[in-house]
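# Fold and geometry: a report
As a plain string of letters, each chain reads:
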Amino acid sequence: MIEDLHAALVAELKAIPGMQDVCDYGHATKLKTPAAIVNLAEMRADYSGLDATGRLPLVCRWEIFLVLGNTATNQALKLRTLAAHVAHMIDGKSLVCGAPEAAFVSAEPNEFEPSFEHAKSWRVEFEQMLYLGESMWSDEGAPPEKVFASYAPLIGAAHEDKYFEVKDELPDLGT
């Protein structure tokens, strides 16, 4: 799924009008600008949003470095405008099937990158939740139409008459 998200992100960036180069993880030594460099900067587990499938809930923090050469006119404004465009393009969008929507985190100047000596750069950061692995549930069968429950110790076949259909509220059993 990480490969799919990476490919979708690169495709989205390449589709930006005027974008000259899109690469990843600093592989390009010479860039045609404006350019975007994609970097998966961090992955961390987030068990607060378990989806009850046995998959690993992983928050991926992505960085997109937007680069514009020093000879560009209105360089500062163009970089900020491009950063805002990328933030808007990504925020709230599900870039791969089955993934929740991406969330924009920040955009800021990237002034400490020595490899950009003839250019200026801004970093756009966003997070994307991914669920890695196969679900423990098969997609066979149909979901239940009615769900029944009871309270312990009134459970099991001997207490079948004590079960109630689960709806919006639990009934008052008068116990």
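Please refer to the structure placed before this passage.
Presented here is a report on the structure given in the accompanying data block.

What counts and what doesn't
The residue numbers shown here count from 1 along each chain, following its written sequence. Local features in this predicted model are restricted to residues of pLDDT 70 or higher, and side-chain atom pairs are both shown and tallied only at a pLDDT of 80 or more, whereas totals for entire chains, interfaces and linings draw on every residue. Side-chain numbers come from the whole structure's heavy atoms, not from hydrogens or water. Helical segments are the DSSP runs of H or I of at least four residues, strand segments are the runs of E of at least two, and each set is numbered from the N terminus. Exposure categories follow from relative accessible area, calculated using a 1.4 Å probe and restricted to protein chains: below 20% of the type maximum is buried, above 50% is exposed, and the middle band is partly exposed. Whether two residues are in contact is decided by their heavy atoms, any of which lying within 4.5 Å being enough. All accessibility values rest on the Shrake-Rupley procedure with a 1.4 Å probe; residue burial counts only the protein chains present in the view. How far a helix is expected to stretch is found by multiplying one less than its residue total by 1.5 Å. For Phe, Tyr and Trp, where Trp contributes only its six-membered ring, two rings pair if their centres lie within 6.5 Å, and the inter-plane angle classes them as stacked under 30 degrees, edge-to-face over 60, or tilted in between. Put simply, a nonpolar core is a bunch of buried Ala, Val, Leu, Ile, Met, Phe, Trp, Tyr and Cys residues held in one set by side-chain atoms that sit within 4.5 Å of each other.

We now examine the overall build of the protein chain. Summing up its helical and strand segments, the protein chain has two helices and seven strands in all. Ordered by position in the sequence, the α and β elements of the protein chain form the string α-β-β-β-α-β-β-β-β. Buried positions account for 33% of the 175 residues belonging to the protein chain. Within the protein chain, residue pairs in contact and separated by at least 24 positions form 55% of the contacts whose partners lie at least 6 positions apart. Of the roughly 11,400 Å² that the protein chain leaves accessible, carbon and sulfur atoms contribute 54%.

Take helix H1 (residues 2-14) next. Spanning 13 residues, H1 covers 18 Å between terminal C-alpha atoms, matching the ideal 18 Å at 1.5 Å per step. Of all the residues in H1, the buried ones are Leu-5, His-6, Ala-8, Leu-9, Val-10 and Leu-13. Close packing links the buried residues of H1 with strand E1 (21-24), strand E2 (35-45), strand E3 (56-69), helix H2 (75-90) and strand E5 (119-132).

Aromatic rings considered in pairs are described by the distance between their centres and by the relative angle of their planes. Enumeration according to the criterion identifies two aromatic pairs in this entry. With a centroid separation of 6.4 Å and an interplanar angle of 10 degrees, the aromatic rings of Trp-62 and Phe-126 are classed as stacked. Of this pair, Trp-62 sits in strand E3 while Phe-126 sits in strand E5, placing them 64 residues apart in sequence. An identical accessibility class is assigned to Trp-62 and Phe-126; each is buried. Consider the rings of Tyr-151 and Phe-164, whose centres lie 5.8 Å apart with planes at 35 degrees: the pair is tilted.

Turning next to the nonpolar core. Formed by 31 residues in total, the largest nonpolar core has its most connected members in Leu-9, Leu-13, Ile-64, Leu-66 and Val-86. When contributions to this core are tallied by element, the ones reaching two or more residues are H1, E2, E3, H2 and E5. With residues up to four places along the chain from it excluded, the contact list for Leu-13 reads Met-19, Val-22, Ala-36, Val-38, Ile-64, Val-86 and Met-89. Listed in part, the seven residues of the second largest apolar core include Ala-35, Phe-65, Phe-116 and Ala-119.

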